Amino acid sequence: MHEVTTRQAFAFVLQMVRSFPSGLTVMFCVATIWAAQVSLGPYVLKIIINRLTESSSTSIVGYIFYPALAFLSLSVLTSTIFRFYDYFVQIKMVPYLRQKITNYIFSSLLQQSHHYYQNNFAGSLANKLNDLVTNIPNLVQVMIDRFFSHTLALLIAIYTLWLVNYKFALVLSIWVIIFITVALFLSKKLYHLSDEWSELGSVLTGKVVDTLSNILSVRQFARNSQEKKTLNETICKVVAAEQKLEWTYFFMWVFYGYSFVFVQAFSLYFLVIGRQEGIISIGDFALVLSINVAVVEFLWQLAKEFSEFSKYVGKITQALRITTAPIEIENSPHAKPLIVDKATILFEAVQFQYPSADPLFNALSVTIHAGQRVGLVGYSGSGKSTFVNIILRLFEVTGGRILVDGQDIREVTQESLHEAIGIIPQDPSLFHRTLMDNIRYGRPEATEAEVVEAAKGAHAHEFISAM
């Protein structure tokens, strides 16, 4: 399997998102405003409470008017910036980001060799593509909307508490350090558990698609029970992997939840002592406790997002290992379109063998003249299909060369080579499209009359018309 490091996965994500500077700018701006609002809201509330305790009943409205207006304005501002976020990010950026990822990966998959598709389930590949399309936008949003914004909010909150009394900032800082240390300690384990769970999920999807794609064989050989048993073995592995991941999260949540009780207890103690000493106002109670609650709420959310972050990274890395595997057969840098005149095919001392297998062809030299009809006869596995496949360059010869009208097929573009060769496959297959689309697949510009004529030539027009 093609190895992809976490660093390479992040480099790929950056490659995909750097085409959307306006969306990213809005994300950072919204994150910054939200981070400031986390502490600014409780601070304005502190001012309101202090003025309520200091003012007489006759002057209360005028005394708290501006702080109350500021408090309400913060709510309006928060609502407004999130609507900007919805427009520039959710509507303008994310759909086009998904489009870019899909086009990039699908284009890469189309260039892969035939050998690549023999080694990978079609359903698994589709699942990997879907993992990238789904999880890359999620990863970007977690990194900016959660990690960046919450880190900034935390720094502002600690500074705000320091303005009240350094003890409150110190208590919260110690708890945050412990919180982050535990999270970092568990991150490697969470990453591996998430990676394992993601890979098993892809294997499960591939096996389901493989069975359903061959449902006729399953029924003909009466293997329903065997397929259920095989699938259930994989399902059990998926369940076990997910449970191991969730148990790790469970113990992490237990630790975080009970440890925060001590933060609030120490904060209350210092608030009461400070009030007795006359250095803490009533509003400071609201400020400190509100900020503590806000911090623990978004850190809880951050911890949950961290677990999701691990899953996103695991799925993206796992998907890139398959979808960005090196292309085995590429066009030569100087490849030109194939020009067919007489269509003479020449094998010159061709050698070929599959990896870790005995040679199929050893110095094979054959000339097929234009207009000749050649039949290949041999037992199963003797190389009849391979003979045709290496002309199509679905596999690369290990020695010698193949020429079409004197042109080495390794020196012409693969697309022009395939366009020049007509194939009636041994195992015909249909796309899930109209019969018209299937018949004209090799020549999309064919008219309806030409498609009907082709169907008649294949003795298929009568039963198609009856459908």
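Structure report, in brief. Remember, predicted model here, so these are calculated numbers, not experimental data.

1. Here we look at helix α1 (residues 6–17)
Phase 1 of the analysis: With twelve residues, α1 extends 17 Å from end C-alpha to end C-alpha; this agrees with the ideal 16 Å at 1.5 Å per step.
Phase 2 of the analysis: Regarding α1, the residues found buried are A9, F12, V13, M16 and V17. When α1 is viewed along its axis, its buried side chains cluster within an angular range of 130° and face the same direction. Facing away from the buried side of α1 by over 90 degrees, the exposed positions are R7 and L14.

2. Re the pattern of salt bridges
Phase 1 of the analysis: Within this structure, the stated rule accounts for seven salt bridges.
Phase 2 of the analysis: A salt bridge links E396 to R393, with the nearest nitrogen and oxygen atoms 2.8 Å apart.
Phase 3 of the analysis: A salt bridge links R410 to D408, with the shortest nitrogen-to-oxygen separation between them at 3.4 Å.

3. Considering the environment of L346
Phase 1 of the analysis: Tracing the backbone shows L346 in strand β1 (residues 345–352).
Phase 2 of the analysis: A C-alpha to C-alpha distance of 7.8 Å links L346 and G406, two positions 60 residues apart in sequence.
Phase 3 of the analysis: Those residues in contact with L346, other than ones at most four positions away along the chain, are V366, T367, R401, I402 and L403.

4. Digging into the packing of aromatic side chains
Phase 1 of the analysis: In the structure shown here, the tally under the stated rule is 19 aromatic pairs.
Phase 2 of the analysis: Measuring from ring centre to ring centre gives 5.5 Å for Y269 and F270, while their planes differ by 65°; the resulting arrangement is edge-to-face.
Phase 3 of the analysis: Since its relative accessible area comes to 49%, Y269 is described here as partly exposed.
Phase 4 of the analysis: An aromatic cluster of at least three residues, connected via ring pairs, comprises F10, F147 and F309.
Phase 5 of the analysis: Directly above the aromatic system of F431 lies the positively charged group of R433, at a separation of 4.3 Å from the ring centroid.

5. Quick look at unusual backbone geometry
A negative phi holds for most residues other than glycine; trans holds for most peptide bonds.
Phase 1 of the analysis: Here the phi dihedral of A349 falls at roughly 45°; this positive angle occurs in a residue that is not glycine.
Phase 2 of the analysis: Mapped onto the elements, A349 comes out in strand β1.
Phase 3 of the analysis: Located in the positive-phi region is D405, a residue other than glycine, with phi close to 50°.

6. Some words on the side chain of T248
Phase 1 of the analysis: You can see T248 is positioned in helix α9 (residues 224–277).
Phase 2 of the analysis: At 3.0 Å, the side chain of T248 forms a polar contact with the backbone oxygen of K244.
Phase 3 of the analysis: The residues touching T248, leaving out its near neighbours within four places in the chain, are L186, K189, L190 and L193.

7. Description of the sheet that holds strand β2 (residues 361–368)
Phase 1 of the analysis: Within the open sheet, the four strands sit side by side as β2-β1-β3-β4. Their pairing is antiparallel. At either end of the open sheet lies a strand with only one pairing partner, and these are β2 and β4 (407–408).
Phase 2 of the analysis: The pairing of β1 with strand β3 (residues 399–404) spans five bridges and is classified as antiparallel. Bridging across to β3, F347 finds its partner in I402.
Phase 3 of the analysis: Taken strand by strand, helix α11 (residues 384–391) contacts β1, β2 and β3, and its axis lies near 115° from that of β1.

Rules of the game
Residues numbered from 1 in each chain as written. Predicted model: local features only at pLDDT ≥ 70, side-chain atom pairs only at ≥ 80, totals over all residues. Heavy atoms only, no water. Helix = DSSP H or I, 4+ residues; strand = E, 2+ residues; numbered from the N terminus. Expected span 1.5 Å × (residues − 1). Buried < 20%, exposed > 50% of the residue type's maximum accessible area, 1.4 Å probe, protein only. Arc of directions from axis to C-beta. Salt bridge = Lys/Arg side-chain N within 4 Å of Asp/Glu carboxyl O. Contact = heavy atoms within 4.5 Å. Phe/Tyr/Trp six-rings, centres within 6.5 Å; stacked < 30°, edge-to-face > 60°. Lys NZ or Arg CZ within 6 Å of the ring centre and 35° of its normal. Polar contact = N/O pair within 3.5 Å; in protein donor to acceptor, adjacent residues only side chain to side chain. Pairing = 2+ DSSP bridges. Axes fitted to C-alpha atoms, helices over the stretch in contact; angles between N-to-C directions.

Nothing here speaks to function; it is geometry throughout.
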